[in-house]
Amino acid sequence: MLSPERLALPDYEYLAQRHVLTYMEDAVCQLLENKEDISQYGIARFFTEYFNSVCQGTHILFREFSFIQATPHNRASFLRAFWRCFRTVGKNGDLLTMREYHCLLQLLCPDFPLELTQKAARIVLMDDAMDCLMSFSDFLFAFQIQFYYSEFLESVAAIYQDLLSGKNPNTVIVPTSSSGQHRQRPTLGEASVLEGVEASLFYQCLENLCDRHKYSCPPPALVKEVLSNVQRLTFYGFLVALSKHHGINQALGALPDKGDLMHDPAMDEALERLLVQIPGLVNSVTASPEASCLPSRTPPRVGSPWRPLHHARKLDAESDGSTEETDESET
Amino acid sequence: MVTPSGCSGDDPVRSLTLRGSGASEADAAGLLGRSPAMIPGKYRSVSGRAASNVNCGLHLVIQTSSLPEKNKVEFKLNKETPSFPGRLLQHDLERNYSSRQGDGRVISPSPRNKSSCISSTTNGTEPCGLEMKTTTSSLPAFGDSSIQTPSKSRIRQGCHSAGPNVSGDHINLVSSSMPSFPILQRSSEEKILYSDRLTLERQKLTVCPVIDGEEHLRLLNFQHNFITRIQNISNLQRLIFLDLYDNQIEEISGLSTLRSLRVLLLGKNRIKKISNLENLKNLDVLDLHGNQITKIENVSHLCDLRVLNLARNLLSHVDNLNGLDSLTELNLRHNQITFVRDVDNLPCLQRLFLSFNNISTFESVCCLADSTSLSDITFDGNPIAQESWYKHTVLQNMMQLRQLDMKRVTEEERRMASVVAKKEEEKKRESQKQSLLKEKKRLTINNVARRWDLQQHRISNIAADQDGRDSDSPSQDPCQNAGSTVSAFQEETGSLDSGLTSALQGLSVTDTHLVEVDGDTLSLYGSGALECLDRNWSVQTAGMVTTVSFTFIEFDEIVQVLPKLKLKFPNSLHLKFKETNLVMLQQFNALAQLRRVDQLTVDPQGNPVVNFILWKYYVLFRLSHFSMQKINGTEVTQNDMIMAERLFGILAHVASSELPPYRLISVLGDARKKQFQCLLETKGRKPGIVSEENDNSKRLAGENTNRAALHYTTRDLYHEKLEEIKEKKKFCKMYIEDLVKEATEINMKNEALQKLWPQMFIELVRDAVIEVRNKNSYMKLCLQHITDQK
């Protein structure tokens with residue numbers, strides 16, 4: 001209430017902009033939905049719990065997609081929840097396909113759209129290799145960018161297209177819902193000469209966009225940092241760079257740094273407690289939980305379209321911490 | 001053989017041995033009126049022996065009634081005497097019984113005949129005046145009888161070893177030096193005595209002698225000679241009986257003039273072909289046994305033929321029997337017959353002998369079943385007789401049969417046969433039914449598969465559409481999957497269609513689902529099949545079913561019936577899913593509500609989720625309270641369990657510990673409500689089960705609360721829920737909007753008031769001060785006020 005913006009805006013708009021209204025609406029909605037249960041222990045208690053869970057970021061668990069994407073806070077909370085719940089999958093070293101990641105997402109949000117997952121996978125993978133395997137961290141960071149900055153990226157894609165076609169994008173920016181589709185990569189002939197757009201020009205446009213954009217966008221300073229390293233870059237090069245940028249990850253605040261991605265002592269502890277509870281389990285697990293090399297899993301993959309070539313490449317990419325996309329962006 | 005009751009000239013009945021060896025010869029001797037004294041010793045002894053072991057007498061007997069018209073040989077082969085044809089036919093059979101193994105030469109051993117034989121032999125004192133002259137004529141055929149040569153001795157010699165009936169004393173055979181025919185002449189008294197018969201047995205004849213002046217002959221016997229060609233008898237146009245048994249005839253010929261011939265005996269010759277019988281329209285008995293005939297032909301005009309003997313020939317099959325309208329007995333023993341046809345075209349056939357042939361299936365003789373007259377049949381010595389089904393099959397198919405393989409068919413046997421046949425028929429019908437059912441099942445499944453494919457296509461199309469315009473819709477599995485299943489099933493379709501009857505096809509079109517209980521497996525095909533869970537299953541069936549298999553059913557539809565499944569089939573331990581469109585891990589959540597699941601089999605076909613490496617662990621994790629033993633046929637190890645827990649344990653932990661309490665309660669409330677419902681539904685059962693249920697619910701509530709939050713709502717339900725939420729949201733939005741607007745308005749007024757208030761206060765105070773400044777006027781005013789009030 002004391003922020004200076006509060007004075008600049010009428011109350012209603014202020015509340016709406018800060019998503020207070022969203023949460024109030026949702027709280028009432030939840031109250032309506034569970035009114036029988038809630039009436040047993042008091043409405044005051046319910047509101048306390050509700051806003052507590054909003055603060056903790058646990059309010060998005062198993063909620064519908066429309067709610068999960070409703071606010072930046074919800075998005076960040078979802079990202080965090082996804083990381084926490086499925087960190088173990090990444091820890092196990094499994095490489096999964098886009099569809100499998102999608103399935104995991106659906107465990108948390110039953111109506112999570114495939115389209116978003118596909119877009120995130122496109123950041124990691126080449127166009128023609130959409131059914132390849134991805135490491136957990138690659139997917140997670142790409143997914144973070146795609147999910148959190150979804151609207152921003154659409155606008156960026158539009159700008160990028162305009163720049164590619166030589167228009168001055170500063171005049172008008174119309175983010176269209178279908179903008180995610182246009183990602184024509186330059187033909188080979190062009191590519192050898194000029195690939196992508198000039199970074200400085202691109203930055204100007206983005207800065208402009210960030211100023212006006214009503215949705216969340218990455219901090220302009222960090223975008224500038226990303227773009228200042230290179231002369232030219234492609235759209236996907238830009239996305240990859242964004243997804244790999246520590247600063248942006250930190251600014252977003254949902255996920256730990258890449259190095260710490262597998263560390264979550266609190267959860268590990270909880271997991272160990274759970275493991276002990278497995279009926280008839282010998283104590284070997286508790287004795288050396290970290291050392292226990294989990295059984296290599298090679299379940300039969302019927303009709304799997306996985307390509308061993310990509311598999312190997314992916315592993316390499318993971319080991320040196322960069323993907324092809326990055327290389328591409330640096331050229 | 002004739003029943004020779006007295007052979008005296010005035011005896012009304014004359015008996016005649018037609019053929020035979022042993023007793024038959026003796027008979028013949030007697031019949032021909034030879035006195036024992038006149039028979040050479042050898043023959044006497046033979047006749048004696050014959051008298052003593054008469055058991056095989058000769059049978060074909062021609063009774064001549066000499067009383068009314070003495071000279072007329074009358075055939076008593078009349079149809080009214082049933083014994084005659086039978087006896088005649090038996091002679092061939094006889095051969096097998098008798099120790100002699102003769103070539104089926106005649107002879108019925110019936111007691112009546114025996115006695116008559118004896119009598120004929122013993123009474124055979126009648127003088128036989130048979131004179132024979134061997135005439136060697138220069139003429140080819142009917143040699144001149146005047147030329148006579150004294151070749152007596154030679155003939156005598158021949159006579160010696162030949163039949164006893166011809167004695168050199170009485171017969172003069174006159175032969176010429178030219179290679180010609182002997183001419184036979186008899187003495188006149190003999191001619192008178194036996195004007196109608198002539199026997200030339202065992203005369204070593206190589207040709208037929210010219211028989212002159214015997215135009216009245218009715219019976220002619222050339223048994224046991226070496227005749228190669230039938231000749232010189234065309235003048236004997238009144239001949240009724242011709243016996244050429246045991247000669248060397250190679251072709252049937254020279255008979256065209258013998259229009260009266262009724263009995264023709266050509267057994268044991270070298271005939272290769274049935275021919276030249278065109279004019280013998282009256283033929284009654286035709287004996288061709290022991291020849292080399294390979295096929296039945298040229299007999300269709302013999303409409304009076306009653307007996308046909310073709311035993312011991314080279315027949316490979318039986319047909320061409322049309323036109324033999326009177327045939328009552330057909331002897332085909334000892335051929336190489338493999339199949340029989342046309343027998344059903346023989347309206348009078350009563351006895352058929354097919355022993356010792358090469359018949360191996362009943363189908364090859366099935367025309368016999370169509371014969372209404374057949375009463376006696378033999379198949380012994382055929383491969384068919386070795387079969388276990390032989391007897392009852394034959395009896396069942398030929399109800400009219402009285403004798404089979406020489407044994408009377410008893411009522412008991414007939415009953416047995418019909419019982420066995422009925423059983424077999426039933427079995428056949430049953431198996432037919434089975435195969436029909438099987439076929440129907442295949443068709444139905446095929447049909448269900450087709451519908452499924454169609455549906456899948458439609459769904460995936462819709463999904464694609466939705467993906468296109470509405471990013472909120474959970475997308476289905478991709479078309480590539482649908483495509484692959486379609487191709488797989490089209491193959492199947494092709495192979496199925498080839499074997500279909502149109503009727504079945506008509507049936508199948510309407511069937512959209514299939515329910516099958518096979519042992520302990522309940523198989524459901526097509527979504528319609530889920531309705532069967534509403535049916536009342538017998539306790540036994542329900543208790544037996546431990547495996548439930550779903551095919552071509554949308555998983556979401558299965559989810560809706562799971563509570564029913566749990567109730568109706570409490571023992572189901574093994575669930576199988578094939579083509580059920582399992583695409584998401586969360587779908588497995590739905591299975592958690594079942595009572596017990598030991599095994600889970602998810603076929604990769606039509607269930608893309610199986611391609612995910614994590615699916616097994618997720619199943620283990622989510623359904624850990626079942627302690628499953630097998631997943632897709634693979635034993636679940638402890639490592640698997642640990643792995644599952646490691647991978648998804650945190651999810652459960654987060655779900656249970658971090659879900660806001662109000663939501664946890666609602667989620668668990670659902671689960672608890674369900675359990676409660678279950679309890680209500682199962683309260684009729686044994687208390688043990690209920691308490692177990694309680695334990696279960698406790699366990700569920702305790703150990704597995706953390707998992708209960710992971711539940712699955714089917715897509716339709718979920719969409720409904722989303723709609724509902726949308727509605728609620730709309731309402732909430734409006735409500736909050738109003739509230740907030742009101743609040744902000746109040747706030748604004750309040751702020752405005754706050755702003756005005758200090759000034760207002762000062763003004764108010766100032767006004768008050770001004771008012772009380774003039775004390776007197778104020779007092780006056782006050783007093784005035786009080787008085788006014790009064």
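Up top is the structure these notes are about.
All figures in this text were calculated on a predicted structure; none of them were measured in a lab.

Our next topic: the overall build of chain A. Of the regular secondary structure elements, chain A holds 20 helices and two strands. Pairs at least 24 apart in sequence give 67% of the contacts found in chain A among residues at least 6 apart. If you sum the accessible surface of chain A, you get close to 15200 Å²; carbon and sulfur atoms cover 55% of it.

Moving on: the interface of chain B and chain A. Of the residues lining the interface, 59 residues belong to chain B; the matching set on chain A comes to 72 residues. Broken down residue by residue, the surface that chain B buries against chain A is led by Ile613, Arg646 and Tyr662 of chain B, which jointly contribute 14%. At the junction of chain B and chain A, the tally comes to four salt bridges. Where chain B packs against chain A, one counts six residue pairs in polar contact (both at pLDDT 80 or more). Listing elements by their share of the side of chain B that touches chain A, those giving two or more residues are α13 (615–622), α14 (638–657), α15 (661–681) and α18 (715–773) of chain B. It is α18 of chain B that provides the largest number of residues to the side of chain B that touches chain A, a total of 16 residues.

To continue, consider the nonpolar core. Nonpolar side chains in soluble globular proteins tend to be buried together. Judged by nonpolar contacts, the single largest core of 154 residues is most densely connected at Phe86, Phe202 and Phe238 of chain A together with Phe648 of chain B. Leaving out residues up to four positions away in the same chain, Phe202 of chain A has contacts with Val156, Ile159, Tyr160, Leu163, Val197, Leu227, Leu233 and Phe238 of chain A. With 68 residues, the next largest nonpolar core counts Leu327, Leu330, Leu332 and Leu401 of chain B among its residues.

A word on the side chain of Glu151 of chain A. Along the chain, Glu151 of chain A turns up in helix α11 (residues 150–164). The residues touching Glu151 of chain A, leaving out its near neighbours within four places in the chain, are Arg75, His213 and Tyr215 of chain A.

On to the sheet that holds strand β21 (residues 547–551) of chain B, then. All names here are of chain B. Here we have seven strands laid out as an open sheet, ordered β19-β20-β21-β22-β23-β24-β25, and mixed in their pairing. Among the strands making up the open sheet, the edge pair consists of β19 (514–518) and β25 (634–635). The pairing of strand β24 (residues 630–631) with β25 spans two bridges and is classified as antiparallel. Residue pairing in the sheet places Ile631 in a bridge with Thr634 of β25.

What follows covers the pairing of strand β20 (residues 521–525) of chain B. All names here are of chain B. For β20, the buried fraction is high: five of the five residues fall into the buried class. Here β20 shows no split at all, with Thr521, Ser523 and Tyr525 on one side and Leu522 and Leu524 on the other all buried. Relative to β20, β19 is paired through five bridges, and the arrangement is antiparallel. Note on β20: the bridge partner recorded for Leu514 is Tyr525. The loop that links β19 with its antiparallel partner β20 comprises two residues; one of these, Gly519, has a positive phi angle of about 65°. Two strands pair when backbone bridges link them, and β20 and β21 are joined in this way by five bridges, in the parallel orientation. Within β21, the position partnered with Leu522 by the bridge is Val548. At this point the chain moves from β20, through helix α11 (residues 539–544), to the parallel β21, and the crossover so formed is right-handed.

Turning our attention to the pattern of salt bridges. Side chains that differ in charge, positive against negative, can pair when their charged atoms come close. Scanning all chains against the criterion turns up 30 salt bridges over all chains. Salt-bridge contacts for Asp284 of chain B lead to Arg306 of chain B; the nearest nitrogen and oxygen are separated by 3.2 Å. Pair noted here: Asp284 of chain B is in the loop between β9 (263–265) and β10 (285–287) and Arg306 of chain B is in the loop between β10 and β11 (307–309), with a separation of 22 residues, a long-range link. Across the pair, Arg306 of chain B and Asp284 of chain B agree in class, each one buried. Close ionic contact of Glu439 of chain B with Arg442 of chain B constitutes a salt bridge, the shortest N to O distance being 3.4 Å. In this pair, Glu439 of chain B and Arg442 of chain B both sit in helix α8 (residues 411–469), three residues apart, roughly one turn of the helix. Residue Glu439 of chain B is classed as buried on the basis of its relative accessible area of 11%. One salt-bridge network, held together by shared partners, links Asp26, Arg63 and Glu64 of chain A together with Lys729 of chain B.

How each quantity is defined
- Residues numbered from 1 in each chain as written.
- Chains lettered and ligands numbered in written order.
- Predicted model: local features only at pLDDT ≥ 70, side-chain atom pairs only at ≥ 80, totals over all residues.
- Heavy atoms only, no water.
- Helix = DSSP H or I, 4+ residues; strand = E, 2+ residues; numbered from the N terminus.
- Contact = heavy atoms within 4.5 Å.
- Areas by Shrake-Rupley, 256 points an atom, 1.4 Å probe, with all protein chains shown as cover.
- Buried area = accessible area lost by both parts, 1.4 Å probe.
- Salt bridge = Lys/Arg side-chain N within 4 Å of Asp/Glu carboxyl O.
- Polar contact = N/O pair within 3.5 Å; in protein donor to acceptor, adjacent residues only side chain to side chain.
- Core = buried A, V, L, I, M, F, W, Y, C linked by side-chain atoms within 4.5 Å.
- Buried < 20%, exposed > 50% of the residue type's maximum accessible area, 1.4 Å probe, protein only.
- Pairing = 2+ DSSP bridges.
- Right-handed = clockwise from strand over helix to strand, strands pointing away.

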